[in-house]
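Analysis of the macromolecular model
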Amino acid sequence: MDIKIIPGKLNGTVSIPSSKSMTHRVLIGAALAKGKSVISNVTFSKDIYATIDALKASGADITADGNTVTVNGLCGRCPQNAEIDCCESGSTLRFMIPVTAALGINSVYKGQGRLPERPITPYLRELPQKGISFDYQNTMPFTVSGKLLSGKYSLEGNISSQFITGLLFALPLLEGDSEIILTSPLESKPYADMTIESLKLFGIDIKETQKGYYIKGSQQYHSSDVSVEGDYSQAAFFYVANALGSNVKIENLKKESTQGDKKIVEITENLCYNENNVPMGFSVNASDIPDLVPILAVLGTYCCNTSRISGAERLKIKESDRLTATAAAINALGGDVTPVNDGLIINNARLCGGSIDSCGDHRIAMCAAIAATICQEPVIIKNADSVEKSYPDFFRDYQNLGGIANVITVE
């Protein structure tokens, strides 16, 4: 699906969809619990459906009614074998591998898009030392078999925190105590903090140590009713739209949230402006907030001075090479963005409009739509249906805010 956007500012109120990151986590916690949990305020997307289907394949009973999901936990109903289709969801893949291993489920993992190329190196190194066998040929499908054992797990801190999260879910299920030892400072730590917060909702206690995390074994997940908070990573698009001159009231966010992407509020509120009311530029280390990089690049284009984003090297292995794809999309509209090894250098530019390819990346599609609000000519976004991965109603919300976004029909 391609969409054509006519430039114009946004105005009105938007209710932000629920946090995709937190929804993954509470669904897994509920599935591992004994009894029934009711998860409300759920925004369904391709990634969330992938996790729901993975949990169903692992033995959980899950039903949806509107934006509410009822989960009857596994309760010993785990199958001996399971096929886990992660679609394009890296979270589903990296969260579920240790979970199915802890449950002793022999699993076949499948995926689509660029997911088969995304690494699972820490698991390939650590889990075979703890009873797990992989039949893995650097792509998908691959198989995981055996029963995970407790003990010490050493992981680099500069890898995706998704590996930490997967182990934090799995290790409390094991008979013995375990420890996650970080061999370098943890990047994207707010995501690990979200995991610990979600685990507490289901009665699981994790001790943070100077070295990493201590996890007591033989813990029991307890059912819990949870309302999922709004997603700051999706709200970021509208915070930046406001910084570019729109007037959007943003609702359904938790002010005390542990989400790292809440940083967008501070970034946009602390911008300095020149005498013409144009922001002066910024410098951001995105190691804890990688999902904000594409929309921050749009903001940097509007600033009168050069802006720099660093600490984002891991974005090269997302749905796209997100550093290169972000620069290409903005430059196609007349921008001046240069990708470097760990980030982007963004110079001021007057965006003229044009055509961009989302590269199948939901965040590229959405940042292009926000960039269109300051373009001189229309913007065509190719493969704009990539937003279904995380924010299926993005363009509907965009239109409700006065944005003119129409699907291009091919005759």
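Let me begin by describing the structure that accompanies this report. Just so you know, these numbers come straight off a predicted model, no measurement behind them. (Residues numbered from 1 in each chain as written. Predicted model: local features only at pLDDT ≥ 70, side-chain atom pairs only at ≥ 80, totals over all residues. Heavy atoms only, no water.)

Turning our eyes to something else, we now look at the overall build of the protein. When its secondary structure is counted, the protein shows twelve helices and 22 strands. Oriented by its inertia axes, the alpha-carbon framework of the protein measures out at about 65 × 45 × 40 Å. Among the 411 residues that make up the protein, the fraction classed as buried is 55%. Once local pairs closer than 6 in sequence are excluded, the contacts in the protein between residues at least 24 apart make up 74%. Charge centroids of the protein, computed over 37 positive and 44 negative side chains, lie 4 Å from each other. (Helix = DSSP H or I, 4+ residues; strand = E, 2+ residues; numbered from the N terminus. Buried < 20%, exposed > 50% of the residue type's maximum accessible area, 1.4 Å probe, protein only. Contact = heavy atoms within 4.5 Å. Lys, Arg positive; Asp, Glu negative; His and termini not counted. Charge placed at Lys NZ, Arg CZ, Asp CG, Glu CD.)

Now for the nonpolar core. Ile39, Tyr109, Phe134, Phe142, Leu148, Ile180 and Tyr213 are the most contacted members of the largest nonpolar core, which has 70 residues in total. Counting residues in each nonpolar core, the second largest holds 68 residues, with Leu299, Ala368, Ala369 and Val379 among its members. (Core = buried A, V, L, I, M, F, W, Y, C linked by side-chain atoms within 4.5 Å.)

This brings us to the side chain of Asp291. Considering the arrangement of structural elements, one finds Asp291 in the loop between strand 16 (283-285) and helix 9 (293-302). Residue Asp291 is classed as buried on the basis of its relative accessible area, which comes to 12%. Looking at Asp291, its side chain comes within polar contact range of the side chain of Tyr191, at 3.3 Å. At a separation of 3.4 Å, a polar atom in the side chain of Asp291 contacts the side chain of Arg363. (Polar contact = N/O pair within 3.5 Å; in protein donor to acceptor, adjacent residues only side chain to side chain.)

Here we take up unusual backbone geometry. Cis geometry marks the peptide bond from Met140 to Pro141; its omega dihedral reads 5°. Note that Pro141 resides in the loop between strand 8 (132-135) and strand 9 (142-146). The backbone phi angle of Ser188 is positive, close to 55°, even though this residue is not glycine. Examined against the element boundaries, Ser188 turns out to sit in the loop between strand 11 (178-182) and helix 6 (189-201). The class for Ser188 is buried, based on a relative accessible area of 2%. The phi dihedral of Ser218 is positive, around 55°, even though this residue is not glycine. Along the chain, the position of Ser218 falls in the loop between strand 13 (212-215) and strand 14 (226-227). Its relative accessible area of 53% is what places Ser218 among the exposed residues.

This paragraph deals with the pattern of salt bridges. This model, assessed by the stated rule, comprises 17 salt bridges. A salt bridge links Lys389 to Asp47; its shortest N-O distance comes to 2.8 Å. Highlighted residues: Lys389 in the loop between strand 21 (379-382) and helix 12 (394-400) and Asp47 in helix 2 (residues 46-57), separated in sequence by 342 residues. For the pair formed by Lys389 and Asp47, the shared burial category is buried. In this structure, Asp393 engages Arg396 in a salt bridge whose closest nitrogen and oxygen atoms are separated by 3.3 Å. Among the charged side chains, a network of salt bridges with common partners joins Asp291, Arg322, Asp361 and Arg363. (Salt bridge = Lys/Arg side-chain N within 4 Å of Asp/Glu carboxyl O.)

Our next topic: the packing of helix 1 (residues 20-32) against helix 2. It is the contact of helix 1 with helix 2, at a shortest axis distance of 10 Å, that shows an interaxial angle of 10°. Taken together, the axis directions place helix 1 and helix 2 in an arrangement best described as roughly parallel. Contacts between helix 1 and helix 2 involve Lys20, Thr23, His24, Leu27, Ile28 and Ala31 on the former and, on the latter, Asp47, Ile48, Thr51, Ile52 and Leu55. Of the residues assigned to the contact of helix 1 with helix 2, the class counts are six nonpolar, three polar and two charged. (Axes fitted to C-alpha atoms, helices over the stretch in contact; angles between N-to-C directions. Parallel < 35°, antiparallel > 145°, perpendicular 65-115°, else oblique. Nonpolar A, V, L, I, M, F, W, Y, C, P; charged D, E, K, R; others polar.)

Our focus in this paragraph is the state of the cysteines. Taken as a whole and assessed by the stated rule, the structure comprises zero disulfides. Of the cysteine sulfurs around Cys86, a residue in no disulfide, the closest is that of Cys87, at 7.8 Å. Relative accessible area serves as the criterion here: at 0%, Cys86 is assigned to the buried category. (Disulfide = S-S within 2.5 Å.)

Moving on, we come to the sheet that holds strand 11. By definition, the strands of a sheet pair up through backbone hydrogen bonds, in either a parallel or an antiparallel sense. Here we have four strands laid out as an open sheet, ordered 10-11-13-12, and mixed in their pairing. If you trace the sheet from one side to the other, it starts and ends with strand 10 (152-155) and strand 12 (206-208), each paired once. When strand polarity is set aside, the average angle formed by the axes of neighbouring strands in this sheet is 15°. Examined bridge by bridge, strand 11 and strand 13 share four bridges and lie antiparallel to one another. Among the inter-strand pairings, Ile181 is bridged to a residue of strand 13, identified as Gly212. (Pairing = 2+ DSSP bridges.)

Throughout the structure, instances matching the rule amount to one cavity of 30 Å³ or more. In this structure, the largest cavity occupies an estimated 40 Å³ of space. If you trace the largest cavity, you find it lined by Pro17, Ser18, Lys20, Thr43, Ser45, Ile48, Asp231, Gln234 and Ser390. Its residues assigned to classes, the lining of the largest cavity comprises two nonpolar, five polar and two charged. (1 Å grid on protein atoms, 1.4 Å probe; cavity = no way out; pocket = protein on both sides within 12 Å on 5 of 7 lines; lining within 4 Å. Points joined across faces, edges and corners; volume = space filled by probe spheres on them.)

What follows deals with the environment of Glu388. Along the polypeptide, Glu388 turns up in the loop between strand 21 and helix 12. Exposure remark for Glu388: the relative accessible area of 35% places this residue in the partly exposed category. Linking Glu388 and Asp361, residues 27 residues apart in sequence, is a C-alpha distance of 9.9 Å. What Glu388 contacts, discounting residues up to four positions off in sequence, is Ser45 and Lys46.

Between the first and last C-alpha of helix 1 there are 19 Å, a value that for 13 residues agrees with the 18 Å anticipated at 1.5 Å per step. Counting buried residues along helix 1, twelve of its 13 residues qualify, which places the element largely inside the surrounding structure. Turning to helix 1, its buried residues are Lys20, Met22, Thr23, His24, Arg25, Val26, Leu27, Ile28, Gly29, Ala30, Ala31 and Leu32. (Expected span 1.5 Å × (residues − 1).)

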